[in-house]
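Examining the three-dimensional arrangement
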Amino acid sequence: MARIPSLLKSVVANAFRRPATVKYPYQRLEPPKGFRGRHEVDWEKCIGCGVCARDCPALAIELVETPKGLKPLIDLSRCIFCYQCADSCPRGAISSTIVFELASWRREELYVKPPGMSVAGAA
Amino acid sequence: MRGFEVAEALREGLKEGLREASVVKPGRVKVVVEGGFHRRAVEALKARFGELHVFSIVGADRGGGLELTYNLWLYGPRVHVMLKTSLPKEGPEVETITDLVPGATLYEREVYEMLGVRFKGHPNLARLFLPEGWPEGLYPLRKEVKLEELERCLA
Amino acid sequence: MSCIDLVVGPQHPALHESERFTFKVEGEVVVDVEPRLGYIHRGIEKALERRSIVQGLYLAERVCGICNVAHSLCYSQAMEDVCGVEPPERAKYLRVIAHELNRIHSHLLLLGVAGELIGFMTLFMLLWRDREVVMDLFERFTGNRVNSAYNVVGGVRRDLDDSLARDLEKAMDSLSGKMRGYRKVFMEDPTVRARAVGVGALSRHKAVELCAVGPTARGSGVRADVREYRPYAAYEGLDFHPVVYEEGDVWARLMVRVDEVLEAAELVKQCLRKMPSGQLRARAPRFIPAGEGFSVVEAPRGDLNYHVYGRGAVTPDRVKIRTPTYANIPALCEMLKGGYVADIPASLVSIDPCFACTDRLAVVDVGTGRRWTTTIYELAGRAR
């Protein structure tokens, strides 16, 4: 294979570079700012209008009763992380965090719940 | 505006059978023909403008009847032609254009499968996407076919 | 001579998407080919009839993961056409950047897969390592590596800050340099040439007749690129040259993609220089008026078009999606006929098949005689 000197240079150079693989979970890469991870809702800003629930393509948001009025309950197991909810919210109450490790042992944890709401209210 | 000569050519090439040929915006010509005249329109366009490309063949259930739209691109004048023809919902049939444009073969099969339009003269008018064993006469894109019925077929 | 059926698939670890192939062969020559599609059919067109404009946007985006930007762009443009909305200038340039980055990552993916199929694992690994740079940029730019959710009806979601713009420029320069190196490999390497030159021939006449699109058509001398003949977004104001090769074989189709990566990197840099300031989005429509909208874009695999019918409601009346791989299937069948069985994988990979877009290609055959199953790698291995 004496006719690929150009590629051979890259191959040899790569032998001396650190590997491209990141040994997750021992090494972690942090997603960039603006990564669409778990939702964070500013419950004070939310006015309970329900536009987020109406526009959600995955029907992952439901409005539930809380002591402070109607608030969204986001089902992360249905969510497709498109953030149309954040886009639609007239008060900018929904934003993304860089949290992406969302796997959990219990289904109840797969929700972004408004304060003052019990799990029973989700059914 | 870009497209006038195309509309003109169609008016000349199809004296009868042409209901409308208008430039709806620069570079887009809408042509509505009577049933069966779509072939003449394609022939006229090919004869006058040379190479043409089929963007898609859209079948739509408009409620009262079916509508076929041939989205054509003419490379020469750089004009998009929307060639439309209406069909009844009962036993809809049109002639194929696959002898004029062989690339339209799969598009016609899809319209047949989804809406029940028969293309006379098509070399192989068979199903394309739906699974084997799909019931005859069930055309998914017709308005009266509801999602629940489709889900039952796939279960 | 007796004809033999060869069945490959539908599910096999070697196949990227589920597909089933049955070829009619006489000895080693493919005699006839007939397409059969259907495994990944999801009923998206019917589903879109019950989705509002914003909901439909995300469904359209998920027709295909690799070309998701092209789908969301075409959908947005078709909706803008029927609703009479014009996105602002800055949004158009940002759309081009996302679109070209999408093209780069898609072409690098395909070139790597082509390398893998030929047996050139080193090239595959190196190309995909460079592709990671583009994926990381996507993540910074749109918030996710795939499923960018970047285009909206009326404009784009996010802006480009100065630091990202600088990094984009540097990454494009670095990628162009590396790409020129890979170009030499594709031009000169004897393994690549032996497997690709003269294989899967498609004449210019047939390419036009069978309405082939994208690099499949441009590799056969058809100068057809939507960005040139029907410019959209900001392409009108950009200095753009379509890439055309005359040879019409697998090699030509791969070379078109190699050169398109270089062209795309140039386009991104041009956009960064020429981008005007201004709004990111126009007021979004809430319902679709009665009428029709049509949009066509140059997705990485060819021309993708959406045709939308409105009826004055929140949901559309009908949405038709015609994807590029679907358009290339008659051309693929033409390429396979008369060729050797061992050349099937190379021809298939050269049209850059996206079965999620097309919904599985199966080449069915009416045969008499023996049937046996094999894998696409076994087929590829027979040629080595």
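So, a few notes on the structure that sits alongside this text. Predicted model, so just to flag it, every value in this text is computed and none were measured.

Some thoughts on the overall build of chain C
In terms of helices and strands, chain C carries 15 helices and 11 strands. For chain C, with 384 residues in total, the buried portion stands at 67%. Contacts in chain C between residues at least 24 apart in sequence constitute 74% of all its contacts with a sequence separation of at least 6.

Focus on the sheet that holds strand 7 (residues 291–299) of chain C
All names here are of chain C. As summarised here, the arrangement of the 3 strands in space is 7-8-9, forming an open sheet in which the pairing is antiparallel. This sheet does not close on itself; its edge strands, each paired only once, are strand 7 and strand 9 (318–322). Each adjacent strand pair in this sheet contributes to an overall mean axis angle of 10°, direction not counted. Examined bridge by bridge, strand 7 and strand 8 (residues 302–310) share 9 bridges and lie antiparallel to one another. Paired with G293 across the bridge in strand 8 is V308. Helix-sheet contacts for helix 3 (residues 68–83) involve strand 7, strand 8 and strand 9, and the interaxial angle to strand 7 is about 150°.

Some thoughts on the packing of aromatic side chains
Considering all chains together, one arrives at 13 aromatic pairs over all chains under this definition. On the numbers, 6.3 Å between centres and 80° between planes, the contact of F35 of chain A with F100 of chain A is edge-to-face. Taken as a pair, F35 of chain A in the loop between helix 1 (5–15) and strand 1 (39–41) and F100 of chain A in the loop between strand 4 (94–96) and strand 5 (111–112) lie far apart in primary sequence, 65 residues in all. Residue class for F100 of chain A comes out partly exposed when judged on its relative accessible area of 37%. The interplanar angle of 70° and the centroid separation of 5.4 Å between the aromatic rings of Y107 of chain B and Y326 of chain C together place this pair among those described as edge-to-face. Of this pair, Y107 of chain B sits in helix 3 (residues 105–115) while Y326 of chain C sits in helix 12 (residues 324–336), on two different chains.

With respect to the interface of chain B and chain C
Each partner contributes to the interface: chain B provides 46 residues, whereas chain C provides 41 residues. Buried area between chain B and chain C, both sides added, is near 3,700 Å², and the carbon and sulfur share of it is 52%. Interface area lost by chain B to chain C is led by F55, F129 and L141 of chain B, which between them contribute 17%. Viewed at the interface, chain C and chain B are joined by 8 salt bridges. K143 of chain B serves as the salt-bridge partner of E49 of chain C, at 3.4 Å between the closest nitrogen and oxygen.

Digging into the interface of chain A and chain C
How big an interface is tends to be stated in terms of the accessible area lost upon association of its parts. Taken together, the contacts link 24 residues of chain A with 28 residues of chain C. Here chain A and chain C share 3 salt bridges between them. D87 of chain A is paired through a salt bridge with R281 of chain C; the nearest N and O atoms lie 2.8 Å apart. Counting the contacts that link chain A with chain C gives 14 residue pairs in polar contact (both at pLDDT 80 or more). For the side of chain A that touches chain C, the secondary-structure elements that each account for two or more residues are helix 1, helix 2 (51–55) and helix 3 (84–88) of chain A. Considering every element that reaches the side of chain A that touches chain C, the biggest residue donor is helix 1 of chain A, with 5 residues. Grouping the amino acids of the side of chain A that touches chain C by side-chain chemistry returns 14 nonpolar, 5 polar and 5 charged.

A short note on the pairing of strand 5 (residues 79–87) of chain B
Residue and element names in this part refer to chain B. Burial analysis of strand 5 places 8 of its 9 residues in the buried class, the great majority of the element. In the sheet, strand 2 (residues 28–33) pairs with strand 5 via 6 bridges, with the strands oriented parallel. Along strand 5, the bridge assignment pairs V33 with T85. Where strand 4 (residues 66–74) meets strand 5, 9 bridges bridge the pair, whose relative direction is antiparallel. The residue of strand 5 that forms the bridge with W73 is H80. Counting the residues in the hairpin turn of strand 4 and strand 5 gives 4 residues, including R78, whose phi is positive at 55°.

Quick word on unusual backbone geometry
The peptide bond linking Y24 of chain A to P25 of chain A adopts the cis configuration, its omega dihedral lying at 0°. Looking at the element boundaries, P25 of chain A is found in the loop between helix 1 and strand 1. Of note, A149 of chain C is a non-glycine position whose phi angle comes to about 45°, a positive value. The residue A149 of chain C is located in the loop between helix 5 (121–142) and strand 5 (151–152) in this model.

Criteria and thresholds
Residues numbered from 1 in each chain as written. Chains lettered and ligands numbered in written order. Predicted model: local features only at pLDDT ≥ 70, side-chain atom pairs only at ≥ 80, totals over all residues. Heavy atoms only, no water. Helix = DSSP H or I, 4+ residues; strand = E, 2+ residues; numbered from the N terminus. Buried < 20%, exposed > 50% of the residue type's maximum accessible area, 1.4 Å probe, protein only. Contact = heavy atoms within 4.5 Å. Pairing = 2+ DSSP bridges. Axes fitted to C-alpha atoms, helices over the stretch in contact; angles between N-to-C directions. Phe/Tyr/Trp six-rings, centres within 6.5 Å; stacked < 30°, edge-to-face > 60°. Buried area = accessible area lost by both parts, 1.4 Å probe. Salt bridge = Lys/Arg side-chain N within 4 Å of Asp/Glu carboxyl O. Polar contact = N/O pair within 3.5 Å; in protein donor to acceptor, adjacent residues only side chain to side chain. Nonpolar A, V, L, I, M, F, W, Y, C, P; charged D, E, K, R; others polar.

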